[in-house]
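Geometric and topological summary
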Amino acid sequence: MIDPRRTRILNSCSDKPGAVIYWMSRDQRLNHNWALLFAREKATQKGQPLVVVFTLAPSFLNAPFRHYDFMLKGLEETAKALERINIPFMLLEGEPDKEISRYACQSEAGAVVTDFSPLNISRNWKKKAADILDIPLYEVDAHNIVPCWYVSDKQEYAARTLRPKLQARLDEFLVPYPPLLPGPVQAPHLHHRSPDWKQVRERLQKDRSVPPVNRIVPGETAAAESLENFIKGRLSGYATARNDPNGNALSQLSPYLHFGQISAQHVALRVAESHAPQEDKAAFLEELIIRRELSDNFCNYNPDYDRFEGIPAWAKQTLLLHGQDKREYLYTIDVFEKAATHDELWNAAQSELVQTGKIHGYMRMYWAKKILEWSSSPPEAFEVAIYLNDRYALDGRDPNGYAGVAWSIGGLHDRPWFERPVYGNIRYMNASGCRRKFDVDRYISRFREPVTLFPNA
Ligand code: FAD
Ligand code: FO1
């Protein structure tokens, strides 16, 4: 039985006979997926077939080809794994709310189950679908260990206010998953046709000037391998090594977590049962559970999560008070994008982002804070940081990113520090601080080659 606190219904329709559809979006995986398990359970109860549907939107927050390539390869692997256990997978192309409603009607479905995302675009799709459907639209939080709407009913002030609420619930929710049983009854009338993945990829009119990154293999199998490699080789020592951008101490799991190709709950269970030192496990779980679920809390309760307006009042006030302070350097978005500032360290971080689709967690803070320092206004800095992060970071367009930018530029989940020009009371970072922490010259040399903004590939 799936914990009923993980599910909620988004309209007031009651179940009807007919197939159960799992409208997969955020949690793009077969394994360890509460939304899929709930849909399977409902299909069994109703003695009806189960079908998984993914609606490929014409665009998603301007994601370029890099992200669709990663996502589609992962989806293809999951689709084939589902079909191997008699659960058909359909890919519908077009406006998600329209396509899912049309398919539900065509296949005479009796219920639709979807997974949870706090992002406005996903909520808008579901709101429209909930209004059109005359069958229930259930939502299951398959992404957070403790369901986002359950752990807190408001925007939390900081990690320290959410942490006790999460920790109080972990023993109830951080539990092993039941097995996913093969598909129930078959139903030929589901108009099922497996996607022609090659055609889907060719049809994709995406901005190909941001090509795929080849440092990471997409899909559930590679994600699981990546987790085991991290646990075996890098979890020990994580607590101290994680702030060295030249090291390889991080799990590298964020793109898999963003696309839902691996379950954070499964990662947490595997890490908790490992034999790594307690302090390393605690440091990692603090990031994976507390910081990550704090980001979902922020986006869920603050619709302005991706805008300057969404930052705390004290931060807005101090930044605007210093809005006219002289900027020692002033850069526009294309100078930032080309990593052509005066600062080699910042340029190296931007080069790492463009070339590898990721900036090391420690450098990400410096990268964003310098955009604040060298932009003509804090709102503009916010837009530049979000644009560059979402365009190049493989784990971008994620609540963690919006919270990360709001933390760096807007003091979200942080506190006021001593006042200084431009930053006001926002926490300051500088290159000499980085030099004290790690080998800055080595980091710069690793990403020195100028950023070639890929000629239209
Ligand atoms: P690990 O250290 O191995 O952490 C494992 C997981 O814990 C991460 O995958 C992530 O899910 C979670 N986590 C770790 N650090 C944080 C954090 N600070 N906040 C929330 N969750 C965290 N993360 C993204 O997933 N997507 C983004 O677009 C993104 N943009 C960021 C922008 C800025 C300006 C900042 C300061 C941080 C951003 N982060 C983002 C958070 C963090 O930097 C990344 O999650 C982390 O570096 C991903 O690498 P990893 O999985 O190897 O990290
Ligand atoms: N979710 C969908 O349901 N359909 C899409 O076409 C889609 C495209 C997409 C592209 C880039 C990206 O980073 C995410 C994308 N997602 C899509 C959504 C994603 O899997 C999550 O649902 C959101 O990021 C919410 O967290």
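Notes on the structure in this doc start here. No experiment lies behind these values; they were computed from the predicted model shown.

This paragraph deals with the side chain of Arg6. Summarising the element assignment, Arg6 is placed in the segment before strand 1 (7–9). In this structure Arg6 is buried but unpaired, with Asp141 as the nearest side chain of opposite charge at 5.6 Å. Only 3.2 Å separates the side chain of Arg6 from the side chain of Gln265, close enough to count as a polar contact. Once residues within four sequence positions are removed from consideration, Arg6 is found in contact with Trp34, Glu139, Val140, Asp141, Asn144, Ile145, Pro147, Trp149, Phe173 and Gln265.

A few words now on the site of ligand 2. Surveying the vicinity of ligand 2 reveals 18 residues, the closest of which are Ser25, Thr55, Ala57, His258 and Arg397. The contact in question runs from an oxygen atom of ligand 2 to an N or O atom on the side chain of Arg397, over 2.8 Å. The fraction of the free accessible surface of ligand 2 (520 Å²) that becomes covered by protein chains is 100%. Among the elements of the structure, strand 3 (50–56), helix 2 (65–84) and helix 4 (120–132) are those that each provide at least two residues to the shell around ligand 2. When residues in the shell around ligand 2 are grouped by element, the largest group, 3 residues, is from strand 3. Partitioning the shell around ligand 2 into residue classes produces 10 nonpolar, 6 polar and 2 charged.

Our next topic: the nonpolar core. With 147 residues, the main nonpolar core has Phe89 and Trp367 as its most contacted residues. Ignoring any residue separated from it by four or fewer positions in sequence, one finds Phe89 in contact with Met24, Val52, Phe54, Leu75, Ala79, Leu82, Glu83, His192, Arg193, Pro195 and Trp197.

What follows deals with the site of ligand 1. Near ligand 1 you find 27 residues, and of these Tyr238, Ser251, Gln252, Lys358 and Asp395 are the closest. Contact distances for ligand 1 include 2.6 Å between an oxygen atom and a side-chain N or O atom of Lys358. Note that a nitrogen atom of ligand 1 is positioned 3.3 Å from one of the side-chain N or O atoms of Arg364. At the level of elements, helix 10 (254–258), helix 12 (278–301), helix 16 (361–373) and helix 18 (399–410) are the ones that each hand at least two residues to the shell around ligand 1. Ranked by the residues each element gives to the shell around ligand 1, the list is headed by helix 12, at 6 residues. The class makeup of the residues in the shell around ligand 1 is 9 nonpolar, 11 polar and 7 charged. The residues that make up the shell around ligand 1 include at least three from each of domain 2 (146–180 + 219–301) and domain 3 (308–446).

Time to look at empty space enclosed by the protein. Counting across every chain of the model gives 1 cavity of 30 Å³ or more. Each pocket or cavity is described by its volume, and for the largest cavity that value is around 330 Å³. Lining the largest cavity are 21 residues, and of these Ser25, Gln28, Phe60, Met71 and His258 lie nearest its centre. Secondary-structure elements contributing two or more residues to the lining of the largest cavity are strand 3, helix 2 and helix 4.

Attention now moves to the state of the cysteines. The full count for this structure, using the stated rule, is 0 disulfides. Looking at the unpaired Cys105, the closest cysteine sulfur is the one in Cys13, lying at 13 Å.

Rules used in this analysis
- Starting from 1, residues in each chain are numbered consecutively following that chain's sequence as written.
- Labels follow written order: the first chain is A, the first ligand is 1, and so on.
- With the structure being a predicted model, the display of local features is reserved for residues of pLDDT at least 70 and the display and counting of side-chain atom pairs for 80 or more, all residues being used for whole-chain, interface and lining totals.
- Side-chain numbers here rest on the full set of heavy atoms in the structure, without hydrogens or water.
- Think of it this way: any DSSP run of H or I at least four residues long counts as a helix, any run of E at least two long counts as a strand, and we number them from the N terminus.
- Buried means the residue's accessible area, taken with a 1.4 Å probe over protein chains only, is under 20% of the maximum for its type, while exposed means over 50%, and partly exposed covers the values in between.
- We score Asp and Glu as negative and Lys and Arg as positive, and we do not count His or the chain ends.
- Think of a salt bridge as a Lys or Arg side-chain nitrogen and an Asp or Glu carboxyl oxygen that are within 4 Å of each other.
- Here a polar contact is taken to be a pair of N or O atoms separated by no more than 3.5 Å, where protein atoms must pair a possible hydrogen donor with a possible acceptor and residues adjacent in sequence count only if both atoms sit in side chains.
- We call two residues in contact whenever any of their non-hydrogen atoms come within 4.5 Å of each other.
- The criterion for a residue being near a molecule or strand is simple. One of its heavy atoms has to lie within 4 Å of it.
- For accessible areas, the Shrake-Rupley method is used with a probe of radius 1.4 Å. Any residue's cover is judged against the shown protein chains and nothing else.
- In this classification, the charged set is Asp, Glu, Lys and Arg, the nonpolar set is Ala, Val, Leu, Ile, Met, Phe, Trp, Tyr, Cys and Pro, and all remaining amino acids, among them Gly, are polar.
- Residues grouped as a nonpolar core are buried Ala, Val, Leu, Ile, Met, Phe, Trp, Tyr and Cys residues, joined through side-chain atoms within 4.5 Å.
- What fixes the domain bounds is an automatic or database domain assignment.
- Here a cavity is any set of points on a 1 Å grid over the protein atoms alone where a 1.4 Å probe fits but cannot get out, and a pocket is any open set with protein on both sides within 12 Å along at least 5 of 7 lines; a residue lines the site when it has an atom within 4 Å of a point.
- Grid points are joined across faces, edges and corners, and a volume is the space filled by probe spheres set on the points.
- Any cysteine sulfur atom paired with another within 2.5 Å is treated as part of a disulfide.

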